[in-house]
Amino acid sequence: MTVDAVLSTFLLDQQVKGNSINTVSFYRSCIGYFVSFVGNDFDVSGLTLPMLKSYYVSLSGRNLSSVTIQTYVRALRCFLSWCYDEEYCSVDFSQKFRLPKAKRKVIDTLTDSEVRQLMSCFNLRYNIHLRNYCICCLMLDCGLRMNEAVTLTVSALHLSDGYIVVEGKGNKQRIVPLGLQSRKVLLKYLSHRPALAATDRLFLMGDMRPISLGTVKQLFRKLKKRSGIPRLKAHLLRHTFATRFLENGGDIYALQQILGHTSLEMVKRYVHTTPRKTVSKFLDFSPLDNLI
């Protein structure tokens with residue numbers, strides 16, 4: 001069977017499993033590079049390890065970052081594992097074709113003064129500013145992704161119990177705790193939001209339609225100029241949350257659940273950014289000091 005036909009079957013299987021449109025699109029794009037490399041009509045049963053290594057060499061020669069190459073290879077390994085399980089291949093190449101090492105990027109975060117700069121950009125007397133302030137609070141206090149903030153519903157709020165239910169990647173729900181400030185500002189926003197709105201979506205436009213990803217992207221383009229923080233973007237708030245959470249003594253396994261990461265490796269990136277406060281807090285946690 002041709003590798004192009006097998007890829008189509010693989011993508012269909014991902015949809016049947018309930019993976020999001022974005023996930024399916026990610027696989028189509030990443031694995032598509034490999035299909036172009038070997039040719040659409042290549043028989044998938046003829047794959048060899050040297051061929052996979054040649055593909056990796058070709059990626060390395062395309063001036064791509066090590067992280068991007070690792071992403072392409074990770075997607076391909078997932079496809080190869082599926083091919084083996086579905087008996088399109090007689091060899092499990094995913095076990096032989098290892099991930100290349102990627103340079104660990106230093107994770108950028110907002111400083112405390114930059115957070116204050118950002119949050120001072122809102123005039124909470126105006127409903128649209130109050131809405132946008134809430135969105136930034138949820139990203140800074142809970143580490144929500146853009147799409148998670150956009151799709152958050154009123155029924156997912158459990159403010160008296162201090163948590164929200166978030167619809168994450170792959171339609172997976174998770175419970176995310178809220179700080180007191182976030183609870184207060186959400187209550188204030190709810191008091192101004194029309195109770196009889198036709199949608200359960202929390203954040204609305206002026207005409208009562210739900211906001212979109214484009215709305216949030218446009219918001220951060222404006223905030224970038226207004227705050228005077230040229231590198232500002234939505235995901236920077238998520239990184240800031242994760243880093244501060246660990247710096248303040250938060251548990252790495254709890255952080256994994258809050259962020260919605262299936263792998264602890266993704267969360268470990270933040271551990272390397274918190275050495276200074278880890279040292280300063282050690283006196284509180286030193287096993288020997290607390291025994292004597």
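As a reminder, the structure under discussion sits directly above these lines.
Since this is a predicted model, take the numbers as computed values, not measurements.

Caption draft 1: Spotlight on the pairing of strand 3 (residues 173-177). Only one face of strand 3 is covered, namely the face carrying Arg-174 and Val-176; the face carrying Gln-173, Ile-175 and Pro-177 is uncovered. Note that strand 2 (residues 163-167) and strand 3 share five bridges and pair antiparallel. Along strand 3, the bridge assignment pairs Ile-164 with Val-176.

Caption draft 2: Fine view of the pattern of salt bridges. Per the counting criterion, the structure on display carries eight salt bridges. Across the pair Asp-112 and Arg-244 runs a salt bridge, and its minimum N-O distance is 3.3 Å. With Asp-112 in helix 6 (residues 112-119) and Arg-244 in helix 11 (residues 234-247), this pair connects stretches of sequence that are 132 residues apart. By relative accessible area, Arg-244 is classed as buried at 19%. The partner of Arg-231 in a salt bridge is Glu-114, and the shortest N-O contact between them spans 2.8 Å. Remark: Glu-114 occurs in helix 6 and Arg-231 occurs in the loop between helix 10 (213-227) and helix 11; sequence separation between them is 117 residues. Taking relative accessible area as the criterion, Arg-231 reaches 32% and is therefore assigned partly exposed. Among the charged side chains, a network of salt bridges with common partners joins Asp-108, Glu-114 and Arg-231.

Caption draft 3: Highlighting the layout of surface pockets. Considered as a void within the structure, the second largest pocket measures approximately 310 Å³ in volume. Lining the second largest pocket are 15 residues; nearest its centre among them are Val-115, Met-119, Cys-137, Leu-140 and Asp-141. Going through the elements one at a time, helix 6, helix 7 (127-142), helix 9 (180-192) and helix 11 are the ones with two or more residues in the lining of the second largest pocket. Taken together, the residues of the lining of the second largest pocket sort by class into seven nonpolar, four polar and four charged.

Caption draft 4: Layout of the packing of aromatic side chains. Summed over all chains, the structure comprises 12 aromatic pairs. The side chain of Arg-62 reaches across the aromatic face of Tyr-33, ending 5.0 Å from its centre.

Caption draft 5: Quick peek at the environment of Arg-193. Tracing the backbone shows Arg-193 in the loop between helix 9 and helix 10. Its relative accessible area of 10% is what places Arg-193 among the buried residues. Here the alpha-carbon distance between Arg-193 and Leu-204, two residues 11 residues apart in the chain, equals 8.2 Å. Ignoring sequence-local partners within four residues, the contact set of Arg-193 consists of Val-154, Thr-199, Asp-200, Arg-201, Leu-202 and Leu-204. A distance of 3.0 Å separates a polar side-chain atom of Arg-193 from the backbone oxygen of Leu-202.

Caption draft 6: Geometry of a positive patch on the surface. Where like charges cluster on the molecular surface, the positive patch consists of Lys-217, Arg-221, Lys-224 and Lys-233. Along the chain, Lys-217 falls in helix 10.

Caption draft 7: Region of interest: the environment of Lys-17. Summarising the element assignment, Lys-17 is placed in the loop between helix 1 (3-16) and helix 2 (21-38). Sequence separation between Lys-17 and Gly-170 is 153 residues, and the spatial gap between their C-alpha atoms is 9.2 Å.

Caption draft 8: View of helix 11. In this model helix 11 runs 21 Å from its N-terminal to its C-terminal C-alpha over 14 residues, within 8% of the 20 Å that 1.5 Å per residue would give. Buried within helix 11 are the following residues: Ala-234, Leu-236, Leu-237, Arg-238, His-239, Thr-240, Phe-241, Ala-242, Thr-243, Arg-244, Leu-246 and Glu-247. Just past helix 11, the residue Gly-249 takes up positive phi, approximately 95 degrees.

Caption draft 9: Structural context of the state of the cysteines. Across all of its chains, the model carries zero disulfides by this definition. Considering cysteine sulfurs only, Cys-83 is the nearest to Cys-78, which forms no disulfide, with 9.8 Å between them. A relative accessible area of 30% means that Cys-78 is categorised as partly exposed. Residue Cys-83 stays outside any disulfide, its sulfur separated by 4.8 Å from that of Cys-89, the closest cysteine. Owing to a relative accessible area of 0%, Cys-83 belongs among the buried residues under this scheme.

Conventions used here
Residues numbered from 1 in each chain as written. Predicted model: local features only at pLDDT ≥ 70, side-chain atom pairs only at ≥ 80, totals over all residues. Heavy atoms only, no water. Buried < 20%, exposed > 50% of the residue type's maximum accessible area, 1.4 Å probe, protein only. Helix = DSSP H or I, 4+ residues; strand = E, 2+ residues; numbered from the N terminus. Pairing = 2+ DSSP bridges. Salt bridge = Lys/Arg side-chain N within 4 Å of Asp/Glu carboxyl O. 1 Å grid on protein atoms, 1.4 Å probe; cavity = no way out; pocket = protein on both sides within 12 Å on 5 of 7 lines; lining within 4 Å. Points joined across faces, edges and corners; volume = space filled by probe spheres on them. Nonpolar A, V, L, I, M, F, W, Y, C, P; charged D, E, K, R; others polar. Phe/Tyr/Trp six-rings, centres within 6.5 Å; stacked < 30°, edge-to-face > 60°. Lys NZ or Arg CZ within 6 Å of the ring centre and 35° of its normal. Contact = heavy atoms within 4.5 Å. Polar contact = N/O pair within 3.5 Å; in protein donor to acceptor, adjacent residues only side chain to side chain. Patch = residues over 30% accessible without salt bridge, like charges linked within 9 Å, V, L, I, M, F, W, Y side chains within 5 Å. Areas by Shrake-Rupley, 256 points an atom, 1.4 Å probe, with all protein chains shown as cover. Lys, Arg positive; Asp, Glu negative; His and termini not counted. Charge placed at Lys NZ, Arg CZ, Asp CG, Glu CD. Expected span 1.5 Å × (residues − 1). Disulfide = S-S within 2.5 Å.

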